[in-house]
Amino acid sequence: MRGLLNFLVKYHVLFLFLFIQLVCITLIVRYNSFHRVNFLNSSNTVTGKIFENYIGVVNYFSLRKINDDLARDNTLLRRELQAVKLADIDLTLERRANPDLFNAISAQVINNSVNKQYNYITLNKGTSHGVKPDMGVIGSDGAVGVVINVSKNYSTALSILNSRWSVSSKLEKSNHFGPLRWDGNDPGVVALEEIPYHVHVAVGEKVITSGYSAIFPEGIPVGKVKSVEHREGDTFQKIWVELSTDFRSLTFVDAVENVNKFEQIELEELMKDE
Amino acid sequence: MNKGAIWYITLFVVVVLVQVLFMNNIQFSGLVNPYFYVLFILLMPLNTPRYVLLLLGFLLGIVIDIFVNTPGIHASSSVFMAFMRPFVINASNVDDSDKMIIPSISNIGFSWFLKYAGILIMLHHVFLFFVEIFTFSGFINTLMRAVLSSLFSLVFVVISQFLIFRK
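Analysis parameters
Residues numbered from 1 in each chain as written. Chains lettered and ligands numbered in written order. Predicted model: local features only at pLDDT ≥ 70, side-chain atom pairs only at ≥ 80, totals over all residues. Heavy atoms only, no water. pLDDT = per-residue confidence, 0-100. Helix = DSSP H or I, 4+ residues; strand = E, 2+ residues; numbered from the N terminus. Pairing = 2+ DSSP bridges. Axes fitted to C-alpha atoms, helices over the stretch in contact; angles between N-to-C directions. Patch = residues over 30% accessible without salt bridge, like charges linked within 9 Å, V, L, I, M, F, W, Y side chains within 5 Å. Areas by Shrake-Rupley, 256 points an atom, 1.4 Å probe, with all protein chains shown as cover. Salt bridge = Lys/Arg side-chain N within 4 Å of Asp/Glu carboxyl O. Buried < 20%, exposed > 50% of the residue type's maximum accessible area, 1.4 Å probe, protein only.

### Considering the confidence of the model for chain B
(1) Moving on: With 95% of its residues at a pLDDT of 70 or more, chain B has an overall mean of 87.
(2) Moving on: At the low end of the mean pLDDT range in chain B sits helix H5 (residues 105-108) of chain B, at 85; at the high end sits helix H2 (residues 39-42) of chain B, at 94.

Here is the structure:
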């Protein structure tokens, strides 16, 4: 007993080191599960407040670019509105079929990264504004991420640049779909997987969300095909997609929610056991 | 509270803010990210008890983790760095290693500090980048990113010395 005690005292630093590392490993591994301890992320009040104040100052310097972006968005929306007005009969029919299928809440990006393996985005809207976990995040150029943690006034979202997550996407022309996953290297390029060899893919072809996962509506732009690789022995072709959103300069985004999501998930659950 | 404790608490807050607000926004081909916050561990007094180093290393790492949504990863690497620090100091044969002296350029000398900070930052970054990616595939690529980021961090750490210990 005395010997054991002496041993413990003599190597107490080593034991403390190993113990703390064990705690860290537990944290790292547990983090892999999708929903996590709520205070250990940047949607908590203190970090949210710090990021928000900071971004207030930083955005002041990029007001010109933000204005340009918003003006461009306005033009686009006006053009679309015009098109919708011309075809208003279709709109009313569509509305009757899908009353407010997707709900949108606009938010500002207050923290963002592109150079980690697992990148996250912090938004300045939370439960009190109606943001919920599993809402999709869309920027003016296309799909951005999915909300995972929400506090009262802030929320954190997984970015597409996070290899723990994939977006169900499809090729616009051929409608073939597969998961879109980031490989952790270039923050402008992701890979569209599981597209079989017989599908002809043209460089420059548009890639859009498939709408199958109930996170994003169908047809949100994701990017353009950059190159196609044929690898010896692979069942699928490797398609590199250039993202349409520049993740380095995200400012304003919308959190969208599929109102009928639970109905869709419930229905799909029925099939799972068979 | 004595003056030293207040100085270290201020240093802690400053390195965390500088890290999450400025260093994390440095974009250099998307591969390099300097981790300046290790400065706090580097500047602990030479005679700091080892268990205090470990606990403060954990605290520092977990605070950074909370800001960047990676619970455990930074904590693990800064604890590793805190664990290695006494070995690096002992190996470097510095005088007064049992005194309450801040191991800074002004106190011990430029070339000693460069070696001391360089080795510890390198250890921290290599550990961090491999824990972050959690695989040894692409070994050279990860190692290169770690070394490149270490160089950036070292530059910032050395510059900070001239700002903190101004005469």
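Anyway, onward from the coordinates.
### Let's talk about the sheet that holds strand E10 (residues 221-229) of chain A
All names here are of chain A.
(1) Moving on: Pairing is antiparallel in the closed barrel, where six strands are placed in the order E6-E7-E8-E11-E10-E9. The average undirected angle you get between the axes of adjacent strands in this sheet is 40°.
(2) Moving on: By the bridge criterion, four bridges tie strand E6 (residues 167-171) to strand E7 (residues 177-181) in an arrangement that is antiparallel. Residue pairing across strands places valine 167 opposite leucine 180, the latter belonging to E7.

### Some remarks on a nonpolar patch on the surface
Residue and element names in this part refer to chain A.
(1) Moving on: A contiguous nonpolar patch, built from Met1, Leu4, Leu5, Phe7, Leu8, Tyr11, Leu14, Phe15 and Leu18 and spanning about 870 Å² of accessible area, is present on the exposed surface.
(2) Moving on: Elements that contribute at least two residues to the nonpolar patch include exactly helix H1 (2-10) and helix H2 (12-30).
(3) Moving on: Looking at which element gives the most residues to the nonpolar patch, the answer is H1, with four residues.
(4) Moving on: The topology assignment puts phenylalanine 15 in helix H2.

### Some remarks on the environment of A:Arg164
(1) Moving on: Checked against the element boundaries, A:Arg164 lands in the loop between strand E5 (155-162) and E6.
(2) Moving on: According to the relative accessible area criterion, A:Arg164 is partly exposed, its value standing at 26%.

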